[in-house]
Amino acid sequence: MKLGIVGLPNVGKSTLFNAITNAGAESANYPFCTIDPNVGTVAVPDSRLDWLTQFYQPKKTTPAVVEFVDIAGLVKGASKGEGLGNKFLANIRECAAIVHVVRCFDDDNVIHVEGSTQPIRDIDIIDLELIMADVEMVERRIDKAQKAAKADKKFLHEVEVFQSLRDWLNEGQSARTYLSQVDSDDAALIATSELLSLKPIIYAANLDEDGFADPGAVSYYALVAERAASEGAQVIPVCAKLEAEIAELPAEEKAMFLEDLGIEQSGLDRLIQASYSLLGLISFLTAGEDECRAWTITQGTKAPQAAGKIHSDFERGFIRAETVAFEDLKACGSMAAAREKGLIRSEGKDYVVRDGDIILFRFNV
């Protein structure tokens, strides 16, 4: 899973990226210090995998991973090539979802490219650049469908759908909000176009330390939360500066530090949970003395396709999935005890994998 971190220059994108990936992206108080997109791969925190590792003492533990891409600050005119626009719009296109960092604090010592802190204005600037880039893509799709319609009239409907979408975009509205205006078939057709403003959004409201202690009391945060709710997007409060301090601590001290601050989860944990929820993702587990591992799949995935995440041969030669829920194994204390209680199930090709399933796939090729 790849998440693109976007926002105007100097809103805290690279600071947040540094904190959650420890990848050392340069952070400076001027626009465009992130010249090439920085990519950091981070492990998905999973207490179930931690427990399995302690239980099996495997040779190797492999968590699920999330890839964060720190994309340079966009400015007005990015869709027309202003700043570093076109290059970074292409980088966004490769991401499954967008983490839009929005500045929600005042600080005279940190330059704001627009001269003041106005979260909704900042969101609108980024949204409009993504929408304008989409207009160009939709125009090309219309031209292609019109040419195809000369040989096959079925493409006339595609022309109509994308012309209507183009008109919607030209009003400054995102492709995401347009989907509610059409039926499922047309929505599926639009989804084939890989538009930027179709991508799911997580707003990371970057607060100062005082604001982070009580986000509900921050008017800037309330505005972002209201905007997210209107779009069906996710919003999480973060303090990039605080996350950077947490990231520098040894693992054993992080939990104590968070507890002292009265925070249950780090920004990374909340970002990952929000992205899993937004994209409809879950994890199943494989466990044994050689390796304990978490695998990310889409909710609703059936057993053979889940097996294919491990190896294509597992899917091709799928016979059955021997499955036990993590909580059942933990409660029983061993696979043998779980088997005695009939909690290890033999599931076939139609079984829909559940979050936290521990699975041994049987296959033959």
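Please refer to the structure higher up on the page.
The structure reproduced in this document is the subject of the present report. (Residues numbered from 1 in each chain as written. Predicted model: local features only at pLDDT ≥ 70, side-chain atom pairs only at ≥ 80, totals over all residues. Heavy atoms only, no water.)

Here the focus is the packing of aromatic side chains. Considering all chains together, one arrives at eight aromatic pairs under this definition. Measuring from ring centre to ring centre gives 5.1 Å for tryptophan 51 and phenylalanine 55, while their planes differ by 10 degrees; the resulting arrangement is stacked. Of this pair, tryptophan 51 and phenylalanine 55 are both found in helix 2 (residues 47-56), four residues apart, which corresponds to roughly one turn of the helix. On the basis of relative accessible area, phenylalanine 55 is assigned to the partly exposed category, the value being 34%. Ring-pair connections join several aromatic residues into one group, and the members of that group are Trp51, Phe55, Tyr56 and Phe326. The ring of phenylalanine 105 carries arginine 103 above its face, with NZ or CZ at 5.0 Å from the centroid. (Phe/Tyr/Trp six-rings, centres within 6.5 Å; stacked < 30°, edge-to-face > 60°. Helix = DSSP H or I, 4+ residues; strand = E, 2+ residues; numbered from the N terminus. Buried < 20%, exposed > 50% of the residue type's maximum accessible area, 1.4 Å probe, protein only. Lys NZ or Arg CZ within 6 Å of the ring centre and 35° of its normal.)

A few words now on the packing of helix 4 (residues 119-149) against helix 9 (residues 219-231). At their nearest, the axes of helix 4 and helix 9 sit 9 Å apart, and the two run at 40 degrees to each other. Regarding the angle of helix 4 to helix 9, the classification is oblique. Listed contacts from helix 9 to Pro119, Ile120, Ile123, Asp124 and Asp127 of helix 4 are Tyr220, Leu223, Val224, Arg227 and Glu231. Taken together, the residues of the contact of helix 4 with helix 9 break down into six nonpolar, no polar and four charged. (Axes fitted to C-alpha atoms, helices over the stretch in contact; angles between N-to-C directions. Parallel < 35°, antiparallel > 145°, perpendicular 65-115°, else oblique. Contact = heavy atoms within 4.5 Å. Nonpolar A, V, L, I, M, F, W, Y, C, P; charged D, E, K, R; others polar.)

Turning our eyes to something else, we now look at a negative patch on the surface. Side chains of Asp106, Asp108, Asp208, Glu209, Asp210, Glu245 and Glu248 sit close together on the surface and give a patch of like negative charge. Mapped onto the elements of the fold, aspartate 108 is located in the loop between strand 5 (97-103) and helix 4. For aspartate 108, a relative accessible area of 83% gives the class exposed. (Patch = residues over 30% accessible without salt bridge, like charges linked within 9 Å, V, L, I, M, F, W, Y side chains within 5 Å. Areas by Shrake-Rupley, 256 points an atom, 1.4 Å probe, with all protein chains shown as cover. Salt bridge = Lys/Arg side-chain N within 4 Å of Asp/Glu carboxyl O. Lys, Arg positive; Asp, Glu negative; His and termini not counted. Charge placed at Lys NZ, Arg CZ, Asp CG, Glu CD.)

The next subject is the packing of helix 5 (residues 155-170) against helix 7 (residues 184-191). Relative to each other, helix 5 and helix 7 sit at 80 degrees, their axes nearing to 11 Å. With respect to helix 7, the axis of helix 5 lies roughly perpendicular. Every residue of helix 7 that contacts helix 5 at His157, Glu158, Val161, Phe162 and Leu165 is listed here: Asp186, Leu189 and Ile190. In terms of residue class, the contact of helix 5 with helix 7 is made up of five nonpolar, one polar and two charged.

Turning to the nonpolar core, a few remarks are in order. In terms of nonpolar packing, the biggest core is built from 71 residues, with Leu52, Val66, Phe68, Ile92 and Tyr203 touching the most fellow members. Look past the residues within four positions of leucine 52 in its chain and what remains in contact with it is Gln57, Leu285, Ala287, Cys292, Phe326, Leu329 and Ile358. Ranked by size, the runner-up nonpolar core spans 18 residues in total, among them Val135, Ile142, Ala145 and Ile190. (Core = buried A, V, L, I, M, F, W, Y, C linked by side-chain atoms within 4.5 Å.)

On to the sheet that holds strand 5, then. With mixed pairing, the six strands of this open sheet are ordered in space as 2-4-1-5-6-7. Two strands in the sheet have a free side with no partner beyond their single neighbour: strand 2 (38-43) and strand 7 (234-238). Put simply, the sheet's adjacent strands are angled 25 degrees from each other on average, direction ignored. Here strand 6 (residues 201-206) pairs with strand 7 via five bridges, running parallel. (Pairing = 2+ DSSP bridges.)

Take the side chain of glutamate 347 next. Note on placement: glutamate 347 falls in strand 11 (residues 345-347). Judged by its relative accessible area of 18%, glutamate 347 falls in the buried class. At a separation of 2.8 Å, a polar atom in the side chain of glutamate 347 contacts the side chain of arginine 345. (Polar contact = N/O pair within 3.5 Å; in protein donor to acceptor, adjacent residues only side chain to side chain.)

Turning next to the pattern of salt bridges. Under the defined criterion, the tally for this structure stands at 21 salt bridges. Where aspartate 290 meets lysine 59, a salt bridge forms, and the shortest distance between an N and an O atom there is 3.4 Å. Remark: lysine 59 occurs in the loop between helix 2 and strand 3 (60-62) and aspartate 290 occurs in the loop between strand 8 (281-286) and strand 9 (291-298); sequence separation between them is 231 residues. Where salt bridges share partners, they join Asp124, Asp127, Arg176, Arg227 and Glu231 into one cluster.

Moving on, we get to the pairing of strand 9. In this sheet, strand 9 lies alongside strand 3 in parallel orientation, the contact comprising three bridges. Across the sheet, lysine 60 pairs through a bridge with glutamate 291, a residue of strand 9. Alignment of strand 8 against strand 9, held across six bridges, turns out to be antiparallel. The partner of leucine 281 across the bridge, within strand 9, is threonine 298. Between the antiparallel neighbours strand 8 and strand 9 lie four residues.

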